[in-house]
Amino acid sequence: MALARNSDSEEHLHSTFASRYVRAVIPRFKMPDNSMPKDAAYQVISDELMLDGNPRLNLASFVTTWMEPECDKLIMESVNKNYVDMDEYPVTTELQNRCVNMIANLFHAPVGEDEAAIGCGTVGSSEAIMLAGLAFKRKWQQRRRAQGLPTDNPNIVTGANVQVCWEKFARYFEVELKEVKLSEGYYVMDPAKAVEMVDENTICVAAILGSTLTGEFEDVKTLNDLLAEKNAETGWDVAIHVDAASGGFIAPFLYPDLEWDFRLPWVKSINVSGHKYGLVYAGVGWIVWRTKDDLPEDLVFHINYLGADQPTFTLNFSKGSSQIIAQYYQFIRLGFEGYKNIMENCMDNARRLREGIEMTGKFNIVSKDIGVPLVAFSLKDSSKHTVFEIAESLRKFGWIIPAYTMPADAQHIAVLRVVIREDFSRGLADRLITHILQVLKEIEGLPSRIAHIAAAAKVSGGEEKTAKMSLEDIAKYWKRLVENKRNIVC
């Protein structure tokens, strides 16, 4: 007599890890034929995610990895709201408008007490930069057409240290990207060189408040003054966009007297990432324009909700409301005082880490005292071992710290970078210093991998190739090595 088959629920009651759902291989590239219990599905996915890195120890990222439980609760309560449904969720739209006004006032936009600021929430600074670039391009086209001039060769001037989203904007929207090259010891855009590259086809100059490479603020004030002189001489109207993705929520609280924002007349738009030092989980950025005239009307769509006009300017449509609500929570929960305290604490922890790294005697500090709270540092002696080895070795402790070479023309400089976020404590800083010391001691007793790479180069390309080995070559070697390891794991 055949045994009766247990039902799925009966089978699963015995043990989660003894059920057939966990014992069987889950299809990776096609949908499974049959369903499984919800707790089994949760366990399968949760187990795979254990192999991810710990977000709190991911010191490569500027993105927020911790929020208060009360805000987590608000996020979950609003996770099913589609932000674009303004008719259905008018309060959420109102909260976004309040955030825009708060940010505009923080950046000294010329907005009256009861006047609405010009700006919007975005998925992140990448979308915000696309919108800003489109506005500059359209304004430039309108001016050129009014003068009877061609509009087929726009360009934008940036430093070589810009984030990749600027390259995406240039490629996607057919704008030439003119980059000011870097040099050893000077890893931000030189404003004088930038203005030299400006011509009649330049739609704007992009300045960075908080370089991702070193955290340094670019000199927006000098750039503004030099552009003012050039515009007066030429009759052009080239303006500035400030990419304040990282520094926009730092400078107002730590360096209130620093002129980088709408206090400068040629700054026409600013973007900032709410999910970086705006202290919100990933998925929210902001773009603010100086005045209504700086955003061409034909780029704006108008939605009527509850009898009122709601202008909208985005590159996407559906998106969640939870990050907008979380940003508003942080603004009213922390206020100016709270943000100032958090940023001061981040800088204190960055200084503590910097001092500990300097005390090893093995590194040069590349980052500056004024800027984003991070520590970028390079090895004083890279003849035997590299920063890439150090980054790899720190992984065994759970730390995710990037190692990279600088952009052109400073490719021979390789650095490590540690980003200090709100949830990086003094205790974690001390523990990281201890682990760095331990790694340095370990690799000093290992044979030189550079010698191994050079030997391989000699075999494949002879003495001449060996002599030309640089940190850039070594960086490429390590990148290939890491990619190969990643492919094997996956």
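Since this is a predicted model, take the numbers as computed values, not measurements.

Draft legend 1. Geometry of the pattern of salt bridges. As enumerated under the stated definition, the model contains 19 salt bridges in all. We note a salt bridge from Asp-225 to Lys-221, for which the minimum N-O separation is 2.9 Å. In this pair, Asp-225 and Lys-221 both sit in helix α9 (residues 220-234), four residues apart, roughly one turn of the helix. Taken together, the shared-partner salt bridges in this structure form one network comprising Arg-56, Arg-421 and Asp-423.

Draft legend 2. Inspection of the confidence of the model for the protein chain at higher detail. Considering every residue of the protein chain, the mean pLDDT works out to 90; 88% of them sit at 70 or more. Residue range residues 1-6 is modelled with pLDDT below 50. Its contacts to residues more than four positions away, or to other chains, number three contacts. Below pLDDT 50 for its whole length, residues 484-490 participates in two contacts with residues either more than four positions away or in separate chains.

Draft legend 3. Structural detail: unusual backbone geometry. Cis peptide bonds are those with omega within 30 degrees of zero, and the linkage from Ala-408 to Asp-409 qualifies with 0°. Here Asp-409 is to be found in the loop between β12 (403-405) and β13 (414-419). A positive phi is found at Glu-174, a non-glycine position, where the angle reads about 55°. For Glu-174, the position within the fold is in the loop between α7 (164-172) and β3 (176-180). One non-glycine residue, Leu-279, lies in positive phi territory at about 70°.

Draft legend 4. Representation of helix α3 (residues 38-49) within the structure. Between its terminal C-alpha atoms α3 stretches 17 Å, which fits the 16 Å expected from 12 residues at 1.5 Å a residue. Within the sequence span of α3, burial applies to Ala-40, Gln-43 and Val-44. Down the axis, α3 shows its buried residues gathered within 100° of arc, on one side only. Exposed side chains of α3 directed beyond 90 degrees from the buried face belong to Lys-38, Tyr-42, Ile-45 and Leu-49.

Draft legend 5. How the structure looks around the sheet that holds strand β10 (residues 363-365). The strand order across the open sheet formed by four strands is β10-β11-β13-β12, and the pairing between neighbours is antiparallel. Whereas interior strands pair on both sides, the edge strands pair on one side only; in this sheet they are β10 and β12. Neighbour to neighbour, the strand axes of the sheet diverge by 35° on average, direction disregarded. With three bridges joining them, β12 and β13 adopt antiparallel strand pairing. The residue bridging Thr-405 from the neighbouring strand is Ala-414, located in β13. Lying on the sheet, helix α11 (residues 322-359) is in contact with β10, β11 (374-379) and β13; it crosses β11 at an angle near 15°.

Draft legend 6. Focus on the sheet that holds strand β4 (residues 202-208). If you trace the seven strands from one edge of the open sheet to the other, you get β1-β7-β6-β5-β4-β2-β3, paired in mixed fashion. Each having just a single partner strand, β1 (118-122) and β3 make up the two edges of the open sheet. In this sheet, neighbouring strand axes are inclined to one another by 20° on average, regardless of whether the strands run parallel or antiparallel. Strand direction decides the pairing type here: β1 and strand β7 (residues 285-289), joined by five bridges, are antiparallel. Bridge pairing in β7 links Gly-121 to Trp-286.

Draft legend 7. Up close: empty space enclosed by the protein. Here the structure, examined in full by the defined rule, presents one cavity of 30 Å³ or more. The computed volume of the largest cavity comes to approximately 60 Å³. Lining the largest cavity are Phe-62, Thr-64, Thr-65, Trp-66, Lys-276, Tyr-277, Leu-279, Arg-421, Glu-422 and Asp-423. Here the lining of the largest cavity gathers at least three residues from each of two domains, domain 1 (73-334) and domain 2 (348-458 + 468-485).

Draft legend 8. Region of interest: the UniProt feature "modified residue: N6-(pyridoxal phosphate)lysine" (unreviewed entry) in the protein chain. Under the feature "modified residue: N6-(pyridoxal phosphate)lysine" (unreviewed entry), the UniProt entry names Lys-276. With respect to the helices, strands and loops of the structure, Lys-276 is situated in the loop between β6 (267-273) and β7. By relative accessible area, Lys-276 is classed as buried at 15%. If near-sequence neighbours (up to four positions away) are discounted, Lys-276 is found in contact with Phe-62, Val-63, Thr-64, Ala-245 and Ser-246.

Draft legend 9. Up close: the packing of helix α12 (residues 387-394) against helix α13 (residues 426-444). For the pair α12 and α13, the least separation of the axes is 10 Å and the interaxial angle reads 120°. Taken together, the axes of α12 and α13 lie oblique to each other. Between α12 and α13 the crossing geometry is right-handed. Side by side, α12 and α13 meet where Ile-390, Ser-393 and Leu-394 of the first sit next to His-435, Ile-436, Val-439, Leu-440 and Ile-443 of the second. Of the residues assigned to the contact of α12 with α13, the class counts are six nonpolar, two polar and no charged.

Draft legend 10. Inspection of the environment of Arg-354 at higher detail. Here Arg-354 shows up in helix α11. Residues Arg-354 and Ala-376, 22 residues apart in the sequence, show an inter-C-alpha distance of 8.7 Å. Setting aside anything within four residues of it in sequence, one finds Arg-354 in contact with Ile-365, Ser-367, Lys-368, Asp-369 and Val-375.

Rules used in this analysis
- Residue numbering note: each chain is counted from 1, following its sequence as written.
- In view of the model being predicted, local features appear only for residues whose pLDDT reaches at least 70, and side-chain atom pairs are presented and counted only at 80 or more, with totals across whole chains, interfaces and linings using the full set of residues.
- Based on all heavy atoms of the structure, the side-chain values leave hydrogens and waters out of the count.
- Take a side-chain nitrogen of Lys or Arg and a carboxyl oxygen of Asp or Glu: if they are within 4 Å of each other, that pair is a salt bridge.
- Helix and strand definitions here come from DSSP, where helices need a minimum of 4 consecutive H or I residues and strands a minimum of 2 consecutive E residues; each element is numbered from the N-terminal end.
- The score called pLDDT rates the predictor's confidence residue by residue, from a low of 0 to a high of 100.
- Should any heavy atoms of two residues lie within 4.5 Å, those residues are considered in contact.
- Given a helix with a known number of residues, its expected span is that number minus one, times 1.5 Å.
- Only protein chains enter the accessibility calculation, which uses a 1.4 Å probe; a residue is then buried when its area is under 20% of its type maximum, exposed when over 50%, and partly exposed in between.
- Our arc is simply the arc of the directions from the helix axis toward the C-beta atoms.
- Strands were regarded as paired on the criterion that DSSP finds at least two bridges between them.
- Helix axes use the C-alpha atoms of the stretch in contact, all axes being lines fitted to C-alpha atoms, and the angles between their N-to-C directions lie in the range 0 to 180 degrees.
- The rule is simple: put a 1 Å grid over the protein atoms alone, call a set of points where a 1.4 Å probe fits but cannot get out a cavity, call an open set with protein on both sides within 12 Å along at least five of seven lines a pocket, and count a residue as lining if it has an atom within 4 Å of a point.
- Grid points are joined across faces, edges and corners, and a volume is the space filled by probe spheres set on the points.
- Each domain span listed reflects an automatic or database assignment of domains.
- UniProt positions are given in the numbering used here, feature names are shortened, and annotations may be inferred rather than shown by experiment.
- Roughly parallel here means an angle under 35 degrees, roughly antiparallel means over 145, roughly perpendicular means 65 to 115, and every remaining angle is called oblique.
- Working rule for handedness: look at the near helix, and if it is turned counterclockwise from the far one by less than a right angle, call the crossing left-handed; if clockwise, right-handed.
- Nonpolar residues are Ala, Val, Leu, Ile, Met, Phe, Trp, Tyr, Cys and Pro. Charged residues are Asp, Glu, Lys and Arg, and all others, Gly as well, are polar.

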